[in-house]
Amino acid sequence: MFVFKAAVVGAGTMGGQIAQTIAAAGIPVVLKDVQDDLVEAGLAEARKVTAGQAKKLVERGKLDQEAADAQVASVVGRIHGTTEYEGFGDVDFVIEAVPERMEIKRAVFEDLDAVTPGHAILASNTSSLSITEIGEATSRPDKVCGFHYFFPASVMRLIEVVEGDDTEAETLQAAVAFAQTIRKMPITCAEVPGFVVNRILNSSVSEVWRVQEEEGIDVKEIDKVVQESKTVPMGPFFLSDLLGLDTVLHVAEHLKESYGDRFYVHSGMKELVEAGNLGQKTGKGFYEHGN
Ligand SMILES: NC(=O)c1ccc[n+]([C@@H]2O[C@H](COP(=O)([O-])OP(=O)(O)OC[C@H]3O[C@@H](n4cnc5c(N)ncnc54)[C@H](O)[C@@H]3O)[C@@H](O)[C@H]2O)c1
């Protein structure tokens, strides 16, 4: 199945950049959120990323400024922002990127089932929730799968294509082909907690979180040492702030519930989330962010 038009639901930390990856591959995409300012923020993110990519091409002498400006305009012009489901009637592939809560995801999938054509694949960017349970909110669980991007979506090439109990083989094949069309690197995986990457990542980060709380070490000190080691671009606490502490906490809790004490839930992070401090997106987390 070729994807002639796609849609993304949720224009937050992930959604704006996800829409950008699709538009940059020449495919028109509808980007929906619940409020105009959130849609605008998603579109602004897509524009910023595209402008950054074009700037690099100009610096390398591969594009002149005029062509770069035209490229930015044409990529961003392929993204249609909306607060309604207008434009969903002829989409072939939808990626849902709303908050990591089952009741929100199921409500969105119920809507999507009603507003999209019957052949459309409905995919979730969920980091940890059950694809089978999400699919059960629709009349087409065979056409529901996971399509899990990594932050930042415009840069990270991997996509985990996740198979639920009811996902049919054709759906997985189409999702893999779509990921390749938008120049990503898909892997397929089973619906196990943490899929592949978060299971590996969280097993190591859990040890950092555990030692930080047991020893009372300053989180900024840990981040500084990790960053200076040059093994990864930034420390785990700053990274968690960028990812969104609510999302990181949810994944950590899910992994601990599923696999036991080899995974760790950071109580300081939990307190921050309970106080509404979700990291960069709210302006405060482990760090203060000038939004
Ligand atoms: N943040 C990450 O690093 C990351 C990485 C990979 C996967 N994910 C997953 O992606 C999903 C989204 O995460 P995020 O970090 O972008 O969340 P976010 O909180 O930054 O953004 C979610 C957006 O969805 C919108 N929304 C809520 N209900 C909606 C509805 N009914 N229709 C349209 N929009 C709606 C919200 O207004 C918000 O703008 C989650 O499932 C998360 O687990 C996140």
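Remember, it's a predicted structure, so these values are computed and weren't measured experimentally.

A.B. asks: Please clarify how the overall build of the protein chain should be interpreted in this entry.
C.D. replies: Counting its regular elements, the protein chain contains eleven helices and eight strands. For the protein chain, the C-alpha radius of gyration of 19 Å lies close to 19 Å, the compact-globule estimate for 291 residues. With respect to the three principal axes, the spread of C-alpha positions in the protein chain is 55 × 50 × 30 Å. For the protein chain, with 291 residues in total, the buried portion stands at 48%. Carbon and sulfur atoms make up 53% of the accessible area of the protein chain, which amounts to about 13600 Å² in all.

A.B. asks: Help me out: how do you make sense of the state of the cysteines in this one?
C.D. replies: Counted under the stated rule, the structure contains zero disulfides. Cys189 provides the cysteine sulfur closest to Cys145, a residue in no disulfide bond, and the two sulfurs are 11 Å apart. The exposure class of Cys189 is buried, given its relative accessible area of 11%.

A.B. asks: What is the right way to look at the nonpolar core in this model?
C.D. replies: Counting 34 residues, the largest nonpolar core has Ile18, Ile22, Phe93, Phe147, Tyr149 and Phe178 as the members making the most contacts within it. Examining the composition of this core, we find that five residues originate from one element, helix α6 (residues 169-181), more than from any other. Not counting residues up to four positions away in its chain, the partners in contact with Ile22 are Ala6, Val8, Ile27, Val29, Ile95, Tyr149, Phe178 and Ile182. Counting residues in hydrophobic clusters, the runner-up holds 20 residues, among them Phe88, Val144, Val162 and Cys189.

A.B. asks: When you look at the pattern of salt bridges in this model, what are you seeing that I'm missing?
C.D. replies: A side chain with one charge can pair with a side chain of the opposite charge if their charged atoms come near. Applying the stated criterion to the full structure yields 14 salt bridges. The salt bridge involving Arg101 is made with Glu103; its shortest N-O contact spans 2.9 Å. On the basis of relative accessibility, which here comes to 45%, the residue Arg101 falls in the partly exposed class. In this structure, Lys143 engages Glu168 in a salt bridge whose closest nitrogen and oxygen atoms are separated by 3.8 Å. Highlighted residues: Lys143 in the loop between α5 (131-135) and β6 (144-148) and Glu168 in the loop between β7 (158-163) and α6, separated in sequence by 25 residues. Residue classification places Glu168 among the partly exposed residues on the basis of a relative accessible area of 28%. Salt bridges linked by common partners bring Glu96, Glu100 and Lys105 together as one network.

A.B. asks: Teacher, can you tell me more about the site of the ligand here?
C.D. replies: Around the ligand sit 24 residues, and of these Thr13, Asp33, Glu100, Lys105 and Leu243 come closest. In the model, an oxygen atom of the ligand is placed 2.7 Å from a nitrogen or oxygen of the Ser127 side chain. Residue Lys281 places a side-chain N or O atom 3.1 Å away from an oxygen atom belonging to the ligand. For the ligand, whose unbound accessible area comes to 840 Å², protein coverage reaches 88%. In terms of residue class, the shell around the ligand is made up of eleven nonpolar, eight polar and five charged.

A.B. asks: Please explain a negative patch on the surface as it appears in this structure.
C.D. replies: A grouping of Glu133, Glu136, Glu163, Asp165 and Asp166 is seen on the molecular surface, where their side chains present a negatively charged patch. By secondary structure assignment, the location of Glu163 is in strand β7.

A.B. asks: Quick question: what am I supposed to make of the packing of aromatic side chains here?
C.D. replies: Following the criterion strictly, the structure yields nine aromatic pairs and no others. The interplanar angle of 80° and the centroid separation of 5.0 Å between the aromatic rings of Phe237 and Phe286 together place this pair among those described as edge-to-face. On the criterion of sequence distance, the pair formed by Phe237 in helix α9 (residues 236-243) and Phe286 in the segment after α11 (267-274) is long-range, its members being 49 residues apart. When sorted by exposure, Phe237 lands in the same class as Phe286, which is buried. Considering the side-chain rings of Tyr259 and Phe263, the 5.6 Å spacing of their centres and the 40° angle between planes classify their relative orientation as tilted. Phe263 gets classed as buried once you look at its relative accessible area, which sits at 1%.

A.B. asks: Would you take a moment to explain α11 for this structure?
C.D. replies: Along an α-helix, a turn takes 3.6 residues, which lines up residues three or four apart on a common side. What α11 keeps buried is the set Gly268, Met269, Leu272 and Val273. All buried residues of α11 project into a common sector of 140° when viewed along the axis, lining one side. Away from its buried face, by an angle of more than 90 degrees, α11 presents the exposed residues Glu271 and Glu274. Of the surrounding elements, those touching the buried residues of α11 are α7 (197-215), α9 and α10 (245-259). With its phi angle positive at about 85°, Gly276 sits one or two positions after the end of α11.

A.B. asks: Looking at this structure, I do not really get the sheet that holds β7. What am I missing?
C.D. replies: Backbone-to-backbone hydrogen bonds join strands into a sheet, with any given pair of strands oriented parallel or antiparallel. The eight strands lie next to each other as β3-β2-β1-β4-β5-β6-β7-β8, forming an open sheet whose pairing is mixed. Because the sheet does not close on itself, it has two edges, and the strands there are β3 (79-82) and β8 (185-190). Here the strands of the sheet are splayed against their neighbours by 25° on average, with no regard to which way each runs. Set on the sheet, helix α1 (residues 15-23) makes contact with β1 (6-9), β2 (29-32), β3 and β4 (93-96); between it and β2 the angle comes to about 175°.

Cut-offs and rules
- Residues numbered from 1 in each chain as written.
- Predicted model: local features only at pLDDT ≥ 70, side-chain atom pairs only at ≥ 80, totals over all residues.
- Heavy atoms only, no water.
- Helix = DSSP H or I, 4+ residues; strand = E, 2+ residues; numbered from the N terminus.
- Rg over C-alpha atoms; globule rule 2.2 N^0.38 Å.
- Buried < 20%, exposed > 50% of the residue type's maximum accessible area, 1.4 Å probe, protein only.
- Areas by Shrake-Rupley, 256 points an atom, 1.4 Å probe, with all protein chains shown as cover.
- Disulfide = S-S within 2.5 Å.
- Core = buried A, V, L, I, M, F, W, Y, C linked by side-chain atoms within 4.5 Å.
- Contact = heavy atoms within 4.5 Å.
- Salt bridge = Lys/Arg side-chain N within 4 Å of Asp/Glu carboxyl O.
- Near = heavy atom within 4 Å.
- Polar contact = N/O pair within 3.5 Å; in protein donor to acceptor, adjacent residues only side chain to side chain.
- Nonpolar A, V, L, I, M, F, W, Y, C, P; charged D, E, K, R; others polar.
- Patch = residues over 30% accessible without salt bridge, like charges linked within 9 Å, V, L, I, M, F, W, Y side chains within 5 Å.
- Lys, Arg positive; Asp, Glu negative; His and termini not counted.
- Charge placed at Lys NZ, Arg CZ, Asp CG, Glu CD.
- Phe/Tyr/Trp six-rings, centres within 6.5 Å; stacked < 30°, edge-to-face > 60°.
- Arc of directions from axis to C-beta.
- Pairing = 2+ DSSP bridges.
- Axes fitted to C-alpha atoms, helices over the stretch in contact; angles between N-to-C directions.

So yeah, pure geometry; function would need other evidence.
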